[in-house]
Amino acid sequence: MRRTFSKVEISGWIETSLVDVIGHVSFSVWFSYCNFRCPWCQNRPVIMGEKVLKVNIDKLVEIIEEHAWLVDFLHVTGGEPTLQPVGLAELFKRVKERTKLKTSLSTNGSRPNVIRDLLKENLLDHLAIDVKAPIDNEELYAKVIGLRRGDVVKSVAESLSIAIKNLNFIEVRTTLVPGLLEVEDIGRIARYLSTQGKIEGERRFVYVVQQFSPSETVLNEKYRRVERAELEDVLKAARMASKCLNWEVYARTLEVGVVRIK
């Protein structure tokens, strides 16, 4: 029997988000802390736990209930929500018991067993997973996520495989970061994804190429001074991905918003 938790550690929430579940409105909650140290990460206060709210799950669900008529999904992001697996499962369970909302998880893919457990209990409807670099390049992956070792790619690959086999709605995201990822790296990621699953029936697989943009909340000071990825590079990368991938493909940038490429 799963042990229940009464509280989760979060950094905040937004009642209506248009960017977390593509094509849908979500109530989005940021769970605190992360096991990666991506130098370009925009959420330093969240991943470092600079602002942590210990929130009663039932109280949080009450707030979600108040806004449920406005949204389609409860989306939990971070940080890395799978670092609080019991609290995450409890939140999803109570939301499904008390509302008609679907549930969505944004993850770095490092803890596939948490995803597997959520699926076993029918607690997950949508997964957004960050594939931060080519799966077949552990050295580059380690550099992009700010860790010494890149063997985490095995876990990311497993998480992706679990999701593709069990979910009808999957969103894979890669951020184009100048100096870390090249346009050609996006092509390598897309070719890998093309071997994992194809859209069949009503299943929806989505790949989003995102634009890095510096801000004062970026984790590493160096990347606060890096110019944001060029619009044309992001579009070029997305077009490259669309040529080999039988998925929906999008580009997300500050200049033009979300653009469907395929």
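Anyway, here's the lowdown on the structure attached to this text.

Basis of the calculations
Residues numbered from 1 in each chain as written. Predicted model: local features only at pLDDT ≥ 70, side-chain atom pairs only at ≥ 80, totals over all residues. Heavy atoms only, no water. Helix = DSSP H or I, 4+ residues; strand = E, 2+ residues; numbered from the N terminus. Rg over C-alpha atoms; globule rule 2.2 N^0.38 Å. Contact = heavy atoms within 4.5 Å. Areas by Shrake-Rupley, 256 points an atom, 1.4 Å probe, with all protein chains shown as cover. Salt bridge = Lys/Arg side-chain N within 4 Å of Asp/Glu carboxyl O. Buried < 20%, exposed > 50% of the residue type's maximum accessible area, 1.4 Å probe, protein only. Patch = residues over 30% accessible without salt bridge, like charges linked within 9 Å, V, L, I, M, F, W, Y side chains within 5 Å. Lys, Arg positive; Asp, Glu negative; His and termini not counted. Charge placed at Lys NZ, Arg CZ, Asp CG, Glu CD. Core = buried A, V, L, I, M, F, W, Y, C linked by side-chain atoms within 4.5 Å. Pairing = 2+ DSSP bridges. Phe/Tyr/Trp six-rings, centres within 6.5 Å; stacked < 30°, edge-to-face > 60°. Axes fitted to C-alpha atoms, helices over the stretch in contact; angles between N-to-C directions.

1. Re the overall build of the protein
Turning to step 1, where the next piece is worked out: For the protein, the count of helices and strands is 9 helices and 10 strands.
Turning to step 2, where the next piece is worked out: What you see for the protein is a C-alpha radius of gyration of 18 Å, in line with the 18 Å of a compact globule of 262 residues.
Turning to step 3, where the next piece is worked out: Along the first, second and third principal axes, the C-alpha set of the protein runs to 45 × 45 × 35 Å.
Turning to step 4, where the next piece is worked out: Of all intrachain contacts in the protein linking residues separated by at least 6 positions in sequence, the fraction that spans at least 24 positions is 69%.
Turning to step 5, where the next piece is worked out: Carbon and sulfur atoms form 47% of the exposed surface of the protein, whose accessible area is close to 12100 Å².

2. A few points about the side chain of Asp 130
Turning to step 1, where the next piece is worked out: Position of Asp 130 relative to the elements: it lies in strand β6 (residues 126–130).
Turning to step 2, where the next piece is worked out: Sequence-distant contacts of Asp 130, defined by excluding residues within four places in its chain, comprise Thr 107, Asn 108, Tyr 141, Val 156 and Arg 173.

3. Here we look at the pattern of salt bridges
Turning to step 1, where the next piece is worked out: Scanning all chains against the criterion turns up 16 salt bridges.
Turning to step 2, where the next piece is worked out: A salt bridge links Arg 188 to Asp 185, with the shortest nitrogen-to-oxygen separation between them at 3.9 Å. Here Arg 188 pairs with Asp 185, and both are found in helix α7 (residues 183–194), just 3 residues apart, close to one helical turn.
Turning to step 3, where the next piece is worked out: Take Asp 185: its relative accessible area is 9%, and that puts it in the buried class.
Turning to step 4, where the next piece is worked out: Linked through salt bridges whose partners overlap, the residues forming this network are Asp 58, Glu 65, Glu 90, Arg 94 and Arg 98.

4. A short note on a negative patch on the surface
Turning to step 1, where the next piece is worked out: A cluster of acidic residues, Glu 182, Glu 184, Glu 227, Glu 230, Glu 232 and Asp 233, forms a negative patch on the protein surface.
Turning to step 2, where the next piece is worked out: By the secondary structure assignment, Asp 233 is in helix α9 (residues 231–244).

5. Points about the nonpolar core
Turning to step 1, where the next piece is worked out: Formed by 81 residues in total, the largest nonpolar core has its most connected members in Leu 91 and Tyr 207.
Turning to step 2, where the next piece is worked out: Sorting elements by how many residues they give to this core places helix α6 (residues 153–166) first, with 7 residues.
Turning to step 3, where the next piece is worked out: With sequence-adjacent residues up to four places away left out, Tyr 207 is seen in contact with Val 172, Arg 173, Thr 174, Ile 186, Ile 189, Leu 193, Ala 241, Leu 245, Trp 247, Glu 248, Val 249 and Tyr 250.
Turning to step 4, where the next piece is worked out: Among the nonpolar cores identified, the runner-up in size contains 7 residues, and Val 21, Phe 73, Phe 169 and Val 208 belong to it.

6. Side note on the pairing of strand β7 (residues 169–176)
Turning to step 1, where the next piece is worked out: The element β7 is extensively covered by neighbouring structure, given that 8 of its 8 residues are classed as buried.
Turning to step 2, where the next piece is worked out: Judged by which residues are buried, β7 turns out to be covered on both faces: Phe 169, Glu 171, Arg 173 and Thr 175 on one side and Ile 170, Val 172, Thr 174 and Leu 176 on the other are all buried.
Turning to step 3, where the next piece is worked out: Bridge count between β6 and β7: 4 bridges; the pairing is parallel. Its bridge partner lying in β7, Leu 127 is registered against Ile 170.
Turning to step 4, where the next piece is worked out: With 8 bridges joining them, β7 and strand β8 (residues 204–211) adopt parallel strand pairing.

7. Focus on the packing of aromatic side chains
Turning to step 1, where the next piece is worked out: Taken as a whole, this structure holds 3 aromatic pairs when the rule is applied.
Turning to step 2, where the next piece is worked out: Between the aromatic rings of Phe 73 and Phe 169, the centroid separation amounts to 6.2 Å while the plane-to-plane angle is 65°, which identifies the pairing as edge-to-face. Of this pair, Phe 73 sits in strand β4 (residues 73–77) while Phe 169 sits in strand β7, placing them 96 residues apart in sequence. Each of the two residues, Phe 73 as well as Phe 169, counts as buried.

8. Considering the environment of Glu 202
Turning to step 1, where the next piece is worked out: Relative to the helices and strands, Glu 202 is located in the loop between α7 and β8.
Turning to step 2, where the next piece is worked out: Given the relative accessible area of 81%, Glu 202 is considered exposed.
Turning to step 3, where the next piece is worked out: Separated by 33 residues in sequence, Glu 202 and Phe 169 place their C-alpha atoms 9.0 Å apart.

9. Comments concerning the sheet that holds strand β3 (residues 53–56)
Within a sheet, adjacent strands bond to each other through the backbone by hydrogen bonds, running parallel or antiparallel.
Turning to step 1, where the next piece is worked out: If you trace the 10 strands from one edge of the open sheet to the other, you get β3-β1-β2-β4-β5-β6-β7-β8-β9-β10, paired in mixed fashion. The outermost strands of the open sheet, each flanked by one partner alone, are β3 and β10 (257–260). Taking each pair of neighbouring strands and ignoring which way they run, the sheet shows an average axis angle of 30°.
Turning to step 2, where the next piece is worked out: Helix α3 (residues 85–98) rests against β1 (7–17), β2 (26–31), β4 and β5 (102–107) of the sheet, and its axis sits at about 170° to β4.
Turning to step 3, where the next piece is worked out: Sheet strands in contact with α9 are β7, β8 and β9 (248–253), and its direction is about 170° off that of β9.

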